[in-house]
Amino acid sequence: MATACTSGHFLSRFIDPEPAKCSISAPPISYRQSIHFFHHKYQSCSLSMNGCRGDPKTPIGTIETRTFPTVPSPALAMDTLNSAIYQLKSDPPPFTSGIIRLQVPIQQQIQAIDWLHAQHQHQHHQLLLPRCFFSARTPTATDSHLFNGNGHISTPQTHNLVSVAGVGSAVFFRRIHPFSYSDWKSIKRFLSNKCPLIRAYGAIRFDARSNISQEWKGFGSFYFMVPQVELDELEGSSMLATTVAWDNSLSWTWEMAIDELQATMSQVSAIVVKLRKEVPRTYILSNNHIPSKTCWDLAVNRALQLIDRSNSALIKVVLARSSRVVTTTDIDPTTWLACLQVEGKNAYQFCLQPPNAPAFIGNTPEQLFHRKCLRINSEALAGTRGRGGSTTLDLEVELDLLSSPKDHLEFTIVRESIRKKLEAVCNGVVVEPKKAIRKLPRVQHLYAQLAGRLRSEDDEFDILASLHPSPAVCGFPTEEARLFIAETEVFDRGMYAGPVGWFGGGESEFAVGIRSALVEKGLGALIYAGTGIVEGSNPSLEWDELELKISQFTKLLKLEVPLHQKLIT
């Protein structure tokens, strides 16, 4: 354990020398081992347009939302939308580019995850349509003075949006190079304050300049999509919507776009069955950790040696592990995600799946930032303990976490780094609470909330570029930690620990893609977890923390095939 005196010594070194960024990237690093896990190749969606190829300085012709009368059921909403699409096709808009959203309110509340699962079961197309899902955290009493996620505010147009599921892409944004200001402007080109529910959902790699391994090829350096068809789950009701986008300069005409929308609509199921929040009985055939426990101990000890050197600037580094799980039966991403929702209080749930690629799913407690006009919120989250088996034991664990010098050091590094980065582009940054406990069903963390006011909405890109990667998922100082990770980890983090969320016209929100997995039916899963290494860390205790963090996934599976089944096979 680090002493309080030593903690104070390290806290005095809070000056991150990282320069301002023009893209979300890292220095080039040495070759990383690819986990040859998903064997078939993934292709970019050829049934849509890549908005990154357009001129971000040229406005598109029209951005519209058209709302139709409320209907009682999804089937009637489908009828209304199909009729509206037919009318649009016969009377095309007089623009060479544009984006139009058609939306039909539904009286009943339909869970977005149930709708998404129904679409996956219904699809028989050779090219698996891209899909996305994003769900806000459940508001808590401590969140009341801040925005609590997913546009979860009372306005006539958002209606307390709970979660969103989408299939198909009206327009997508994907490149191999690091996410840049130009890419951000390309996305914003299709968004407007007047159409708040036209949003681009997606994720960005943890380290954009590292080699992309085979399992992450379909995601590129970043991947965002505006869904062609989406179900918006609201409080007490729902909304079914379609979006069509076109741009002649990208060789994606109105006729092509509307035809593809009709093709996607023909694959959409109006029958939504309540999804059971349980995974079918299955067993783990193999569970391979990269790194192994032995290699993990070596890596942690090497990090501790570097942290202890007087000539080293490194104070903290976050090391991660990838666990390849192969099971006796398929793991369905949406079913797994639905099970994670049971533990989803105070956490974001997400799913992002480019066409013919694995699904990146997660249940993350950590917000990167939430912007509404000029107001921005973020939070610091660090230090981990399990939950106690009783109220008394849980309180004892909480007090142990609050009084731990090692965890206080780790947490303060994260909080102060975020505060300094917000102050660079914000006026009047407020930190409240400065240190508290956030309890989740299986773990609890130290956390603080931060809020400020951007000087300009264009500062949104700078916030994203500077907040990621935070000390909570990378370390401190950023470059030293990132370099150590690049030299030490032999697997590709991909979108794990990267920004996951959405951009809207006047609002955007991103979570940190931790507590996550890469999943595909028939091929198993890669489950990711990481832990912060600071002075006082113990390799074995940190390994136990990894196990605790992935338990929300592994608890859904049996640990191994029973002995008699092994003998038979």
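Structural data are supplied above this passage.
Quick caveat, the model's predicted, so the values are computed rather than measured.

J.: Could you give me a rundown of the overall build of the protein, with the residues and numbers involved?
T.: A count of helical and extended segments in the protein gives 13 helices and 23 strands. Looking at the 569 residues of the protein, the share that counts as buried comes to 62%. Carbon and sulfur atoms make up 54% of the accessible area of the protein, which totals about 21200 Å².

J.: Which residues make up the nonpolar core, and what values go with them?
T.: Counting residues in hydrophobic clusters, the biggest one holds 150 residues, and the most contacted among them are F173, F179, F224 and W336. Judged by nonpolar contacts, the second largest core, of five residues, contains I315, L409, I413 and V534.

J.: Account for the pattern of salt bridges, with residues named and values stated.
T.: Per the counting criterion, the structure on display carries 32 salt bridges. Residue E410 pairs with K406 through a salt bridge whose shortest N-O separation is 3.4 Å. Of the two residues, E410 and K406 both sit in helix α9 (residues 405-423), four residues apart, roughly one turn of that helix. Between E489 and R493 there is a salt bridge, and its shortest N-O distance comes to 2.8 Å. On the accessibility criterion, E489 (6% relative accessible area) is buried. For R493, a relative accessible area of 1% puts it in the buried group. Because the salt bridges share partners, they merge into one network encompassing K316, R385, D400, K406, D407, E410 and E542.

J.: Tell me about a nonpolar patch on the surface, residues and numbers included.
T.: A cluster of nonpolar side chains, L395, L399 and L402, forms an exposed patch at the surface whose accessible area comes to about 240 Å². Residue position: L399 is located in helix α8 (residues 391-403).

J.: Before we move on, can you summarise the environment of I99 with the specific residues and values?
T.: Here I99 shows up in strand β3 (residues 97-106). With 39 residues separating them along the chain, I99 and I60 place their C-alpha atoms 8.0 Å apart.

J.: So what about the packing of aromatic side chains? Which residues, and what values?
T.: Given two aromatic rings, their pairing is described by the distance between the two centres and the angle made by the two planes. Within the structure shown, the criterion is met by 23 aromatic pairs. Measuring from ring centre to ring centre gives 5.7 Å for F134 and Y348, while their planes differ by 40°; the resulting arrangement is tilted. With F134 in strand β4 (residues 131-135) and Y348 in strand β12 (residues 348-353), this residue pair connects regions lying 214 residues apart in the sequence. Residue class for Y348 comes out buried when judged on its relative accessible area of 0%. Residues F172 and Y223 carry aromatic rings whose centres are separated by 6.2 Å and whose planes lie at 25° to one another, so their mutual orientation is stacked. Linking F172 in strand β5 (residues 161-175) with Y223 in strand β8 (residues 222-234), this pair joins segments that are 51 residues apart in sequence. Residue classification places Y223 among the buried positions, given a relative accessible area of 2%. Taken together, F179, Y181, W184, F222, F224, F369, F461, F503 and F510 form an aromatic cluster joined through their ring pairs.

J.: Quick rundown of the pairing of β4? Include the residues and the values.
T.: Within β4, five of the five residues are buried, leaving the element largely enclosed by the surrounding structure. Side chains R131, F133 and S135 project from β4 onto one buried face, and the interleaved C132 and F134 project onto a second face that is buried too. Here β4 pairs with β5 via five bridges, running antiparallel. Note that in β5 the partner of R131 across the bridge is V167.

J.: Hey, could you go over α8 for me, with residue numbers and the actual values?
T.: Between its first and last C-alpha, α8 extends 18 Å over 13 residues, near the 18 Å set by a 1.5 Å rise per residue. Buried within α8 are the following residues: D394, E398 and L401. Axial view of α8: buried residues confined to an arc of 60°, hence all on one face. Within α8, the exposed residues directed more than 90 degrees away from the buried face are T392 and S403. Among the structural elements, β15 (375-386), α9, β17 (436-439) and β18 (443-454) are those in contact with the buried residues of α8.

J.: Describe in detail unusual backbone geometry, supporting the description with residues and values.
T.: Put simply, I290 and P291 share a cis peptide bond, and its omega is 5°. In this fold, P291 is placed in the loop between β10 (284-290) and α6 (293-308). Note the cis peptide between E432 and P433, where omega equals 0°. Tracing the sequence through the fold places P433 in the loop between β16 (426-431) and β17. One non-glycine residue, N356, adopts positive backbone phi at about 55°. Among the structural elements, N356 can be located in the loop between β12 and β13 (359-364).

Conventions and cut-offs
- Residues numbered from 1 in each chain as written.
- Predicted model: local features only at pLDDT ≥ 70, side-chain atom pairs only at ≥ 80, totals over all residues.
- Heavy atoms only, no water.
- Helix = DSSP H or I, 4+ residues; strand = E, 2+ residues; numbered from the N terminus.
- Buried < 20%, exposed > 50% of the residue type's maximum accessible area, 1.4 Å probe, protein only.
- Areas by Shrake-Rupley, 256 points an atom, 1.4 Å probe, with all protein chains shown as cover.
- Core = buried A, V, L, I, M, F, W, Y, C linked by side-chain atoms within 4.5 Å.
- Salt bridge = Lys/Arg side-chain N within 4 Å of Asp/Glu carboxyl O.
- Patch = residues over 30% accessible without salt bridge, like charges linked within 9 Å, V, L, I, M, F, W, Y side chains within 5 Å.
- Phe/Tyr/Trp six-rings, centres within 6.5 Å; stacked < 30°, edge-to-face > 60°.
- Pairing = 2+ DSSP bridges.
- Expected span 1.5 Å × (residues − 1).
- Arc of directions from axis to C-beta.
- Contact = heavy atoms within 4.5 Å.

It is worth stressing that arrangement in space is one thing and function is another; only the former is reported here.
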